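Read off the chains here:
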Amino acid sequence: MVNFGKKLAADQVEEWKGYYINYKLMKKMLKQYVHQTQIGGKDCEQILKEFSRILDDQIERIVLFLLQQQGHLASRIEELGAQRSAIARQVDTSRVFQLREDYREVGRDLVKLLRFVDMNATGLRKILKKFDKRFGYKFTDYYVTTRANHPYSQLQQVFKQVGIVAVAGALSRNLAYLEDEHRGSFLSIYDNPSVVLKDPIIDQVNNAVQKLTHATNFMQYLGQHALIVQDDTTSGSEDTVNDESYHFMSLMLNLVNTFLYMVNTYIIVPTADDYSVSLGAAPTVCGIIIGSMAVAQVFSSVYFSAWSNKSYFRPLVFSSIMLFSGNLLYALAYDLNSLTVLLIGRILCGLGSARAVNRRYISDCVPLKTRLQASAGFVSASALGMACGPGLAGFLQTKFTIYSLTFNQSTLPGWLMSISWLLYLVWLWFSFKEPEHFAKAAASAAASESSHQESANLEEGLAQPLLIAEDRTDENSEDNDDTADSQKSHEPATSFVSAYKLLTPSVKVQLLIYFMLKYAMEILLSESSVVTTYYFNWDTSSVAIFLAILGLTVLPVNAVVGSYVTNWFEDRQILLASEIMVLIGIIMSFRYTPHYSIPQYVSSALITFVFAEVLEGVNLSLLSRVMSSRLSRGTYNGGLLSTEAGTLARVVADATITGAGYLGTDMLLNVTLLLPLVISIVSIAATFCTYNTLF
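Bear in mind the structure is a predicted one, so any value in this text is a computation, not a measurement. (Residues numbered from 1 in each chain as written. Predicted model: local features only at pLDDT ≥ 70, side-chain atom pairs only at ≥ 80, totals over all residues. Heavy atoms only, no water.)

Attention now goes to the overall build of the chain. Each helix and strand counted, the chain has 29 helices and two strands in total. Counting over 695 residues, the chain shows a buried share of 52%. A sequence separation of at least 24 residues applies to 82% of the contacts in the chain between residues at least 6 apart. Carbon and sulfur atoms make up 61% of the accessible area of the chain, which totals about 31,400 Å². (Helix = DSSP H or I, 4+ residues; strand = E, 2+ residues; numbered from the N terminus. Buried < 20%, exposed > 50% of the residue type's maximum accessible area, 1.4 Å probe, protein only. Contact = heavy atoms within 4.5 Å. Areas by Shrake-Rupley, 256 points an atom, 1.4 Å probe, with all protein chains shown as cover.)

This is the structure:
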């Protein structure tokens, strides 16, 4: 892994060398400040003001050069525009071709400028994080608050540059006009915003602009839900997965696994209360039935994440077998009249949760150019599974017996899913292809079996300098420290404890928000059957339709937010607004009078669920942005942490439903809403405290 300082030096445009952030100087200043505070030479306030002035000077130099280059590009586009007007009524192919090439040359220079801004923006973010880490002080909070929100902000020019995007728009518009005028078309790109000009230079410009401004279309917004964290030091050219090793069918099998698992999770929700009653338990035991799968998933996420370091095929096979067995037991529990068998079946299903493997496969085995679509497919498969699960339950309202086996609305979900997982296992066995890097690793291990001890000694010798590099003080100590820091800073976390130590306050707040939204959604979904039966006398079909409609809102809501809302507002603004709306939905859900109406329940449920979905998208987007790059790899990665947070929320929510059931069904709704209400208020307060670090 190339450290950022070396990457910055290698990727600089030679003639612009004096205008980049002096990252090496800034790191050296930080070390000096640390030393000065240790010997009592300077206090923190003095260091804060001095470092702020140095940063101001760095940013001012970058911004003034940026404005100068924007002016040069604008002048060149204006001159080319005059030439375009001159040949508008002439059919001169050679002049049109030359003019198009001139526009493309401007585009190449614009891409260089966009990369210049991107490198500097990354350097600023990194140096701010380093200051916070070294001093344990929220310098980022202070600096962003005082600089970014000032009317004369230069920091905004780096992070939210309007001028450079306007130049990109002018270039795209003129190239499009040049193309259309000679085809007899007079439509502007503004008349057809969905039609993208097919030009390699424009593609490069658009990719650079999107990367720089965090602009998100629907596909990108969906992809962010997957929390497939990319290391910010990796450039677009550093794709370790080539097209030859990429296997599309294996990707499809991972997406189908995700879809089936989500169907498996929610297909029992409309009938879980009836099933528990038929086995002699209270209706609210449905919370334990639904939640037992989540309890097992807390543990399965860890071993599947670790297993995916060595193989993808074997964990998926194991997952399929566990889910087949679990659903079979779930279906047989009715005839065995055993709640224990039913719970064991659900626990086995939870132990078969391979979502960590699915996410890891996309991150490691899909080429960079298609990873975004694969990530979006992962989220779409989850959303469709959430909608299809309850919907399928609505179609299983029948009862018959075959060879003393009962098939009814309670057992049919188990039978249907066991058959589905058996068919999936057969498809997986014959169609999945293990990625090449696992095969190469196995061959390498076999080849080196005879010299195992020698290899172990060599590894020990190689590892030792990494541990003592910080103590070396020779003439190249600065470079050695940088290298050691870089290697340490990119080592993945090796345990939950080491992963927790990497969590900044911003990351902790985002994980709290994720816990809150998953808790609120689980309470809403899991107790829906009990609540609607008690207050409105809904049958299983009505509950299934209601839950399916909720699930079907996921993709349209994400389409609106990803295509429009994220272009109007910052992620942190959407985050805060969504938290407030979820809080409003929770407050509306409480029963304040003896009469609880269907409009109140349905409207509050829609508000809570829809804005929780919006919140999940921006939450995971911000989480991937503020999380340490060390959590982008290894077993204990960011995806695992978010999965564990969400799974724990579901476990607590389902346990709350069952516990509240002992107080009586009439008190179930209000009691179960108290904790999400409190957590929602706390998360909003925490968001305000870390708001300026989410820049």
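Let's shift gears to helix α10 (residues 248–266). For α10, built from 19 residues, the straight-helix expectation of 27 Å at 1.5 Å per residue is met to within 8% by its first-to-last C-alpha distance of 28 Å. Within α10, 14 of the 19 residues are buried, which leaves it mostly tucked inside the rest of the structure. (Expected span 1.5 Å × (residues − 1).)

Between helix α22 (residues 505–526) and helix α27 (residues 598–626), the least distance of the axes is 9 Å, while the angle of their chain directions is 155 degrees. On the basis of the axis angle, α22 is roughly antiparallel to α27. Helix-helix and strand crossings are classified by hand; for α22 and α27 the assignment is left-handed. Residues that form the contact of α22 with α27 fall into these classes: 19 nonpolar, four polar and three charged. (Axes fitted to C-alpha atoms, helices over the stretch in contact; angles between N-to-C directions. Parallel < 35°, antiparallel > 145°, perpendicular 65-115°, else oblique. Left-handed = near helix turned anticlockwise from the far one by under 90°. Nonpolar A, V, L, I, M, F, W, Y, C, P; charged D, E, K, R; others polar.)

A few words now on the side chain of Asp654. When you line up the elements, Asp654 lands in helix α28 (residues 638–661). Despite being buried, Asp654 has no salt bridge partner; Arg650 is the closest side chain of opposite charge, sitting 5.3 Å away. Within the structure, Asp654 has its side chain in polar contact with the backbone nitrogen of Gly291 (distance 3.3 Å). Setting aside anything within four residues of it in sequence, one finds Asp654 in contact with Gly287, Ile288, Ile290, Gly291, Glu522 and Ser526. (Lys, Arg positive; Asp, Glu negative; His and termini not counted. Salt bridge = Lys/Arg side-chain N within 4 Å of Asp/Glu carboxyl O. Polar contact = N/O pair within 3.5 Å; in protein donor to acceptor, adjacent residues only side chain to side chain.)

As a further point, take a nonpolar patch on the surface. Nonpolar side chains collect at one region of the surface, where Val560, Tyr564, Trp568 and Phe569 lie side by side and expose about 490 Å² of accessible area between them. Here Phe569 shows up in the loop between α25 (554–568) and α26 (571–589). (Patch = residues over 30% accessible without salt bridge, like charges linked within 9 Å, V, L, I, M, F, W, Y side chains within 5 Å.)

In this section: the packing of aromatic side chains. Counted by the stated rule, this structure contains 33 aromatic pairs. For the ring pair Tyr424 and Trp427, a centre distance of 6.4 Å and an interplane angle of 85 degrees mean the geometry is edge-to-face. On the criterion of helical spacing, the pair formed by Tyr424 and Trp427 is a turn pair, its members being three residues apart in helix α17 (residues 412–431). By relative accessible area, Trp427 is classed as partly exposed at 31%. An aromatic cluster is defined as three or more aromatic residues linked by ring pairs; in this entry it consists of Tyr534, Tyr535, Phe536, Trp538, Phe546, Tyr596 and Tyr601. Sitting over the ring of Trp16, Lys112 keeps its end group 5.4 Å from the ring centre. (Phe/Tyr/Trp six-rings, centres within 6.5 Å; stacked < 30°, edge-to-face > 60°. Lys NZ or Arg CZ within 6 Å of the ring centre and 35° of its normal.)

Right, let's talk about the nonpolar core for a bit. Counting 123 residues, the largest nonpolar core has Leu428, Phe432, Phe609 and Leu615 as its most contacted members. Among the elements that make up this core, the one with the highest residue count is α22 (13 residues). (Core = buried A, V, L, I, M, F, W, Y, C linked by side-chain atoms within 4.5 Å.)

With 13 residues, helix α24 (residues 540–552) ought to run about 18 Å at 1.5 Å a step, and its terminal C-alpha atoms sit 18 Å apart, in line with that. Of all the positions in α24, only Thr540, Val543, Ala544, Phe546, Leu547, Ala548, Leu550 and Gly551 are classed as buried.

All told, the structure shown has nine salt bridges when counted by the stated rule. A salt bridge links Asp109 to Arg76; the shortest N-O distance between them is 2.6 Å. Note that Asp109 is positioned in helix α4 (residues 93–135) and Arg76 in helix α3 (residues 44–86), a separation of 33 residues in sequence. Under the relative-accessibility criterion, Arg76 is labelled partly exposed at 30%. Across the pair Glu101 and Arg104 runs a salt bridge, and its minimum N-O distance is 2.9 Å. Of this pair, Glu101 and Arg104 both sit in helix α4, separated by three residues, roughly a single helical turn. Since its relative accessible area comes to 24%, Glu101 is described here as partly exposed. Its relative accessible area of 19% is what places Arg104 among the buried residues. Connected through shared salt-bridge partners, Glu15, Arg76, Asp109 and Lys112 make up one network.

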